[in-house]
Amino acid sequence: MIYKSTVHIAFLGPKGSYSHIAAMQYANCHFDQMVEYSCQRFNDIFTLVECRYAEYGVVPIENSNSGLINEVCDLLLNTRLLLVDEITIPINHCILVNSNTDVNRIQIIYSHPQPVQQCSRFLKKFSTWKIVFCKSSAAAMETVAKLNQSNLAALGSIQGGAFYGLHSLLTYNLSNYQKNTTRFIILKNTNIEVVNNSMAIKTMIIVSVNQQSEKLCEVLKILQYYNIKKTYLKPRVLSYSKSDNIIIIEMMAHINDIYIQQVLIELRKISCLLKILGCYQCKSSASIVRNYNNNKFIYYIK
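Described below are features of the structure shown in this document. For clarity, every value in this text was computed on a predicted model and none was experimentally measured.

### Observations regarding unusual backbone geometry
Trans peptide bonds make up most of the peptide bonds, and negative phi angles are found at most residues other than glycine.
Piece 1. Although it is not a glycine, Arg52 sits at a positive phi angle of roughly 65°.
Piece 2. Mapped onto the elements, Arg52 comes out in the loop between helix H2 (42-50) and strand S3 (56-63).

So, in structure tokens, the structure goes:
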């Protein structure tokens, strides 16, 4: 559904960051115009949306290489905001330069530490390059643009570099893993009603149980029991606190489906806390449905 209006969206980092790109792509699909709220912390995004200064917040929840974003998961546990959509974007790192520069002139690379790590194989080919770390990829691109010297370059995205007048020196993705993506969730203060039809629908919940291993086993048994022949499990252990285990569970089904309601009833019996994070239609869910059939469980243990 396309909502024709002007919308205020909060995201992490300055213009040109991957969060900014995700926010723009989401807004372009649903709205006429976006008013941008650039934030320095994830908590600021949640606060802006909770206080209704922004209608939507866009935050990364998972990278295909590095996994779930712990800080975002912690904030989801305590917020009243709801997940209403998601968007997945490719992370394509490039060498970004000012005009009239070639690879042989480069001496210094400005970058956030994460792109350097993700492009380590490529960078090993140029061991003489000095790497200067910045607080963000956008800050690296901004620095190179302002200094405007032929021996300087930044690691970042082509879309981000365009905001600073930079262009890609090499046309291919420099990442160690070519299929590097980040999934962003869309947060809102109020729910968006989802019709239970044939489109891909995702329900996300968060469960807190005692640290005892048998409690985790009980959770798995419940998920397997209610979809025993069609369950796809993808565990990922994260840290939250010494006393609790936090489990984020994604289910490719509508929250009102009978068997999902039965899952919730059983999970409430053994959990300290159960919270429904959201139920929404998402285009990216379609590929999961095709790959693993309908009503698959994908869970992350935190």
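### Here we look at the sheet that holds strand S10 (residues 167-168)
Piece 1. Ordered in space as S8-S7-S9-S6-S10, the five strands form an open sheet in which the pairing is mixed. The sheet terminates laterally at strand S8 (130-133) and S10, the two strands that pair on one side only.
Piece 2. Sheet analysis places strand S6 (residues 94-97) next to strand S9 (residues 152-156), joined by three bridges and oriented antiparallel. Residue Leu96 lies in a different strand from S9, and its bridge partner there is Ala154.

### What about the pattern of salt bridges?
Piece 1. Applying the stated criterion across every chain yields a total of nine salt bridges.
Piece 2. Residue Asp44 is joined to Arg41 by a salt bridge in which the shortest nitrogen-to-oxygen separation is 2.8 Å.
Piece 3. For Asp44, a relative accessible area of 24% corresponds to the partly exposed category.
Piece 4. For Arg41, a relative accessible area of 48% translates into the label partly exposed.
Piece 5. Among the salt bridges present, the one from Glu250 reaches Arg183, with a minimum N-O distance of 2.5 Å. Here Glu250, found in strand S13 (residues 244-251), pairs with Arg183, found in strand S11 (residues 181-188); they are 67 residues apart in sequence, far enough to count as distant. No difference in accessibility class separates Glu250 from Arg183, as the two residues are buried.

### Thoughts on helix H1 (residues 18-30)
Piece 1. Taking 1.5 Å of rise per residue, 13 residues should cover 18 Å, and H1 covers 19 Å from first to last C-alpha, within 8% of that figure.
Piece 2. For H1, the complete set of buried residues consists of Tyr18, Ser19, His20, Ile21, Ala22, Ala23, Tyr26, Ala27 and His30.

### Regarding the nonpolar core
Piece 1. Among the nonpolar cores identified, the biggest contains 27 residues, and Phe46, Val59, Leu76, Leu83, Ile185, Leu187 and Met204 are the most heavily contacted of them.
Piece 2. Of all elements in the fold, only H2, S3, helix H3 (70-78), S11, strand S12 (201-210), S13 and strand S14 (273-281) reach the threshold of two or more residues within this core.
Piece 3. With residues up to four places along the chain from it excluded, the contact list for Leu83 reads Leu76, Ile185, Ile186, Leu187, Met204, Leu277, Gly278, Cys279 and Tyr280.
Piece 4. Core analysis: the second largest hydrophobic core is formed by 22 residues, Leu216, Leu264, Ile270 and Leu274 among them.

### Side note on the pairing of S3
Piece 1. Among the eight residues that make up S3, eight are buried, leaving the element largely enclosed by the rest of the structure.
Piece 2. Direction of pairing for S3 relative to strand S4 (residues 67-68): antiparallel, over a ladder of two bridges. Looking across to S4, one finds that Glu62 is bridged to Leu68.
Piece 3. Hairpin connection of S3 to S4: three residues between the antiparallel strands.

### Describing the side chain of Gln118
Piece 1. Position of Gln118 among the secondary structure elements: in helix H4 (residues 113-118).
Piece 2. By relative accessible area, Gln118 is classed as buried at 13%.

### Description of the environment of Ile69
Piece 1. Positionally, Ile69 belongs in the loop between S4 and H3.
Piece 2. Overall, Ile69 belongs to the partly exposed group, its relative accessible area being 22%.
Piece 3. Discounting chain neighbours no more than four positions away, the residues touching Ile69 are Phe42, Pro60, Ile61 and Glu62.

What counts as what
- Residues numbered from 1 in each chain as written.
- Predicted model: local features only at pLDDT ≥ 70, side-chain atom pairs only at ≥ 80, totals over all residues.
- Heavy atoms only, no water.
- Helix = DSSP H or I, 4+ residues; strand = E, 2+ residues; numbered from the N terminus.
- Pairing = 2+ DSSP bridges.
- Salt bridge = Lys/Arg side-chain N within 4 Å of Asp/Glu carboxyl O.
- Buried < 20%, exposed > 50% of the residue type's maximum accessible area, 1.4 Å probe, protein only.
- Expected span 1.5 Å × (residues − 1).
- Core = buried A, V, L, I, M, F, W, Y, C linked by side-chain atoms within 4.5 Å.
- Contact = heavy atoms within 4.5 Å.

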